Amino acid sequence: MTVDDGAARVMILNGPNLGRLGVREPEIYGHASMADLERAAAGWGSDRDLAVQVRQTDDESTLVGWLHEAVDTRSHVVLNPAAFTHYSYALRDAAAQVTTSGLLLVEVHLSNPASRESFRHLSVVAGIATGTIAGFGFDSYRLALDAVKNKLAA
(Lines give C-alpha, C1' and ligand atoms only; values in the text may rest on other atoms or scores of the structure.)
Protein backbone atom coordinates (compact mmCIF):
# COMPACT_ATOMS: atom_id res chain seq x y z
CA MET A 1 0.00 0.00 0.00
CA THR A 2 1.34 3.37 -0.98
CA VAL A 3 0.24 6.11 1.35
CA ASP A 4 0.20 9.57 -0.18
CA ASP A 5 -0.03 12.69 1.95
CA GLY A 6 -3.66 13.06 2.88
CA ALA A 7 -4.81 9.78 1.32
CA ALA A 8 -7.15 7.81 3.54
CA ARG A 9 -6.12 4.19 4.07
CA VAL A 10 -8.49 1.45 2.96
CA MET A 11 -7.97 -2.27 3.43
CA ILE A 12 -9.93 -4.46 1.02
CA LEU A 13 -10.19 -7.73 2.93
CA ASN A 14 -11.42 -10.95 1.36
CA GLY A 15 -12.38 -14.20 3.03
CA PRO A 16 -12.35 -17.88 2.10
CA ASN A 17 -12.29 -19.17 -1.45
CA LEU A 18 -11.93 -15.70 -2.98
CA GLY A 19 -8.35 -16.58 -3.85
CA ARG A 20 -9.98 -18.93 -6.39
CA LEU A 21 -11.69 -16.11 -8.29
CA GLY A 22 -11.71 -16.72 -12.01
CA VAL A 23 -11.76 -20.51 -11.66
CA ARG A 24 -14.39 -21.15 -8.97
CA GLU A 25 -17.93 -20.96 -10.31
CA PRO A 26 -17.23 -18.21 -12.86
CA GLU A 27 -20.93 -18.13 -13.76
CA ILE A 28 -21.54 -16.73 -10.26
CA TYR A 29 -18.28 -14.97 -9.36
CA GLY A 30 -16.99 -13.97 -12.80
CA HIS A 31 -13.84 -14.73 -14.75
CA ALA A 32 -11.51 -12.14 -13.20
CA SER A 33 -8.90 -13.27 -10.66
CA MET A 34 -7.75 -11.92 -7.31
CA ALA A 35 -4.73 -10.47 -9.15
CA ASP A 36 -7.17 -8.66 -11.46
CA LEU A 37 -8.97 -7.27 -8.41
CA GLU A 38 -5.67 -6.08 -6.92
CA ARG A 39 -4.81 -4.22 -10.15
CA ALA A 40 -8.27 -2.72 -10.51
CA ALA A 41 -8.42 -1.66 -6.85
CA ALA A 42 -5.05 0.08 -7.11
CA GLY A 43 -6.40 2.17 -9.97
CA TRP A 44 -9.72 2.87 -8.31
CA GLY A 45 -7.94 3.90 -5.11
CA SER A 46 -5.55 6.19 -6.95
CA ASP A 47 -8.45 7.83 -8.79
CA ARG A 48 -10.14 8.52 -5.45
CA ASP A 49 -7.05 9.56 -3.48
CA LEU A 50 -7.34 6.45 -1.32
CA ALA A 51 -4.37 4.31 -0.31
CA VAL A 52 -5.76 0.84 -1.01
CA GLN A 53 -4.38 -2.53 -0.03
CA VAL A 54 -6.03 -5.82 -1.08
CA ARG A 55 -5.67 -8.98 1.01
CA GLN A 56 -7.23 -12.44 0.89
CA THR A 57 -7.16 -15.35 3.32
CA ASP A 58 -9.00 -18.61 3.85
CA ASP A 59 -8.23 -18.38 7.58
CA GLU A 60 -10.75 -16.82 9.96
CA SER A 61 -8.18 -15.83 12.59
CA THR A 62 -6.05 -14.04 9.99
CA LEU A 63 -9.07 -12.05 8.83
CA VAL A 64 -9.91 -11.14 12.43
CA GLY A 65 -6.30 -10.02 12.94
CA TRP A 66 -6.46 -7.82 9.85
CA LEU A 67 -9.59 -6.12 11.21
CA HIS A 68 -7.72 -5.42 14.45
CA GLU A 69 -4.85 -4.04 12.36
CA ALA A 70 -7.30 -1.76 10.53
CA VAL A 71 -8.37 -0.25 13.84
CA ASP A 72 -4.77 0.16 14.99
CA THR A 73 -3.64 1.78 11.72
CA ARG A 74 -6.82 3.86 11.29
CA SER A 75 -7.68 2.15 8.00
CA HIS A 76 -11.19 2.01 6.64
CA VAL A 77 -12.32 -1.43 5.47
CA VAL A 78 -14.05 -2.91 2.46
CA LEU A 79 -14.85 -6.45 3.59
CA ASN A 80 -15.97 -9.45 1.58
CA PRO A 81 -16.37 -11.98 4.38
CA ALA A 82 -17.41 -14.71 1.91
CA ALA A 83 -18.72 -17.79 3.77
CA PHE A 84 -17.84 -16.19 7.13
CA THR A 85 -20.68 -13.72 6.40
CA HIS A 86 -23.25 -16.19 7.60
CA TYR A 87 -21.89 -17.53 10.87
CA SER A 88 -18.63 -15.99 12.11
CA TYR A 89 -19.42 -14.09 15.27
CA ALA A 90 -15.69 -13.67 15.84
CA LEU A 91 -15.48 -11.82 12.52
CA ARG A 92 -18.59 -9.81 13.35
CA ASP A 93 -17.13 -8.73 16.69
CA ALA A 94 -13.82 -7.72 15.08
CA ALA A 95 -15.68 -5.81 12.36
CA ALA A 96 -17.69 -4.02 15.04
CA GLN A 97 -14.43 -2.72 16.49
CA VAL A 98 -13.79 -1.02 13.15
CA THR A 99 -17.09 0.86 13.06
CA THR A 100 -17.21 1.66 16.78
CA SER A 101 -13.76 3.23 16.48
CA GLY A 102 -15.16 5.73 13.98
CA LEU A 103 -13.89 4.02 10.84
CA LEU A 104 -15.98 2.97 7.86
CA LEU A 105 -16.64 -0.67 7.02
CA VAL A 106 -18.43 -1.54 3.79
CA GLU A 107 -19.52 -5.16 3.40
CA VAL A 108 -19.31 -6.32 -0.22
CA HIS A 109 -20.36 -9.40 -2.14
CA LEU A 110 -19.76 -10.24 -5.78
CA SER A 111 -23.12 -12.00 -6.07
CA ASN A 112 -26.37 -11.08 -4.38
CA PRO A 113 -26.65 -13.42 -1.37
CA ALA A 114 -30.36 -12.62 -0.99
CA SER A 115 -31.07 -14.14 -4.39
CA ARG A 116 -29.19 -17.37 -3.66
CA GLU A 117 -29.62 -20.33 -1.28
CA SER A 118 -31.49 -19.49 1.93
CA PHE A 119 -28.45 -20.14 4.16
CA ARG A 120 -26.76 -17.18 2.42
CA HIS A 121 -29.52 -14.74 3.33
CA LEU A 122 -28.22 -14.04 6.84
CA SER A 123 -25.24 -11.73 7.32
CA VAL A 124 -23.92 -11.43 10.85
CA VAL A 125 -21.76 -8.52 9.62
CA ALA A 126 -24.48 -6.36 8.01
CA GLY A 127 -25.83 -5.05 11.32
CA ILE A 128 -22.55 -3.42 12.30
CA ALA A 129 -21.35 -2.42 8.81
CA THR A 130 -21.57 1.16 7.61
CA GLY A 131 -23.30 -0.26 4.53
CA THR A 132 -23.52 -3.26 2.21
CA ILE A 133 -23.06 -3.51 -1.56
CA ALA A 134 -23.85 -6.79 -3.29
CA GLY A 135 -24.55 -8.27 -6.66
CA PHE A 136 -22.41 -6.14 -8.96
CA GLY A 137 -19.41 -8.42 -9.41
CA PHE A 138 -16.09 -6.58 -9.22
CA ASP A 139 -18.01 -3.31 -9.44
CA SER A 140 -19.18 -4.03 -5.88
CA TYR A 141 -15.63 -3.14 -4.76
CA ARG A 142 -15.49 0.01 -6.91
CA LEU A 143 -18.86 1.12 -5.56
CA ALA A 144 -17.63 0.46 -2.01
CA LEU A 145 -14.59 2.68 -2.59
CA ASP A 146 -16.93 5.37 -3.97
CA ALA A 147 -19.01 5.06 -0.81
CA VAL A 148 -15.92 5.40 1.41
CA LYS A 149 -14.69 8.45 -0.51
CA ASN A 150 -18.13 10.10 -0.47
CA LYS A 151 -18.66 9.41 3.23
CA LEU A 152 -15.25 10.87 4.08
CA ALA A 153 -16.00 13.98 2.00
CA ALA A 154 -19.38 14.57 3.71
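Residues numbered from 1 in each chain as written. Predicted model: local features only at pLDDT ≥ 70, side-chain atom pairs only at ≥ 80, totals over all residues. Heavy atoms only, no water.

Draft legend 1. Main features of the overall build of the chain. Across its full length, the chain holds 5 helices and 5 strands. Ordered by position from N to C terminus, the α and β elements of the chain give β-α-α-β-α-β-α-β-β-α. Over its C-alpha atoms the chain spans a radius of gyration of 14 Å, differing by no more than 12% from the 15 Å that the globule rule assigns to 154 residues. Oriented by its inertia axes, the alpha-carbon framework of the chain measures out at about 45 × 30 × 25 Å. The buried share among the 154 residues of the chain stands at 46%. (Helix = DSSP H or I, 4+ residues; strand = E, 2+ residues; numbered from the N terminus. Rg over C-alpha atoms; globule rule 2.2 N^0.38 Å. Buried < 20%, exposed > 50% of the residue type's maximum accessible area, 1.4 Å probe, protein only.)

Draft legend 2. Molecular detail of the packing of helix 2 (residues 34-47) against helix 5 (residues 139-153). One can describe the packing of helix 2 onto helix 5 by two numbers: an axis separation of 10 Å at closest approach and a directional angle of 25 degrees. With respect to their mutual orientation, helix 2 and helix 5 come out roughly parallel. Between helix 2 and helix 5 the crossing geometry is right-handed. Counted together, L37, A41, W44 and G45 of helix 2 and Y141, R142 and L145 of helix 5 form the full contact between these two elements. (Axes fitted to C-alpha atoms, helices over the stretch in contact; angles between N-to-C directions. Parallel < 35°, antiparallel > 145°, perpendicular 65-115°, else oblique. Left-handed = near helix turned anticlockwise from the far one by under 90°. Contact = heavy atoms within 4.5 Å.)

Draft legend 3. Looking closely at the pairing of strand 1 (residues 8-14). Taking burial as the measure, the 7 residues of strand 1 include 6 buried ones, the bulk of the element. Across 7 bridges, the pairing between strand 1 and strand 2 (residues 50-56) is parallel. Bridge pairing in strand 2 links M11 to Q53. As paired elements, strand 1 and strand 3 (residues 76-80) share 5 bridges and run parallel to each other. When the bridges of strand 3 are listed, L13 appears paired with L79. (Pairing = 2+ DSSP bridges.)

Draft legend 4. Representation of the side chain of H76 within the structure. Mapped onto the elements, H76 comes out in strand 3. Dropping the residues within four chain positions of it, H76 is found in contact with A8, R9, V10, M11, L103, L104, V148 and L152.

Draft legend 5. Broad picture of the nonpolar core. Counting 24 residues, the largest nonpolar core has I12, V52, V78, Y141 and L145 as its most contacted members. At the level of elements, strand 1, helix 2, strand 2, strand 4 (105-109) and helix 5 are the ones that each hand at least two residues to this core. In this structure, V78 is in contact with V10, M11, I12, L13, V106, V108, Y141, A144, L145 and V148, ignoring residues within four places of it in sequence. (Core = buried A, V, L, I, M, F, W, Y, C linked by side-chain atoms within 4.5 Å.)

Draft legend 6. Region of the structure containing the pairing of strand 3. The buried fraction of strand 3 is high, at 5 of 5 residues. Here strand 3 shows no split at all, with H76, V78 and N80 on one side and V77 and L79 on the other all buried. Inspection of the sheet shows strand 3 paired to strand 4 by 3 bridges, in the parallel sense. Opposite V77, over in strand 4, you have L105 as the bridge partner. One crossover worth recording links strand 3 to the parallel strand 4 by way of helix 4 (residues 89-100), and it is right-handed. (Right-handed = clockwise from strand over helix to strand, strands pointing away.)

Draft legend 7. Inspection of the sheet that holds strand 1 at higher detail. Strand order in the open sheet formed by 5 strands is 2-1-3-4-5, and the pairing between neighbours is parallel. Only two strands of the sheet have a single partner each, and these edge strands are strand 2 and strand 5 (131-134). Sheet twist, expressed as the mean angle between neighbouring strand axes with direction ignored, is 20 degrees. Packed on one face of the sheet, helix 2 meets strand 1 and strand 2 and runs near 165 degrees to strand 2. Each of strand 1, strand 2, strand 3, strand 4 and strand 5 is contacted by helix 5, which is oriented at about 155 degrees to strand 3, the strand it contacts most.

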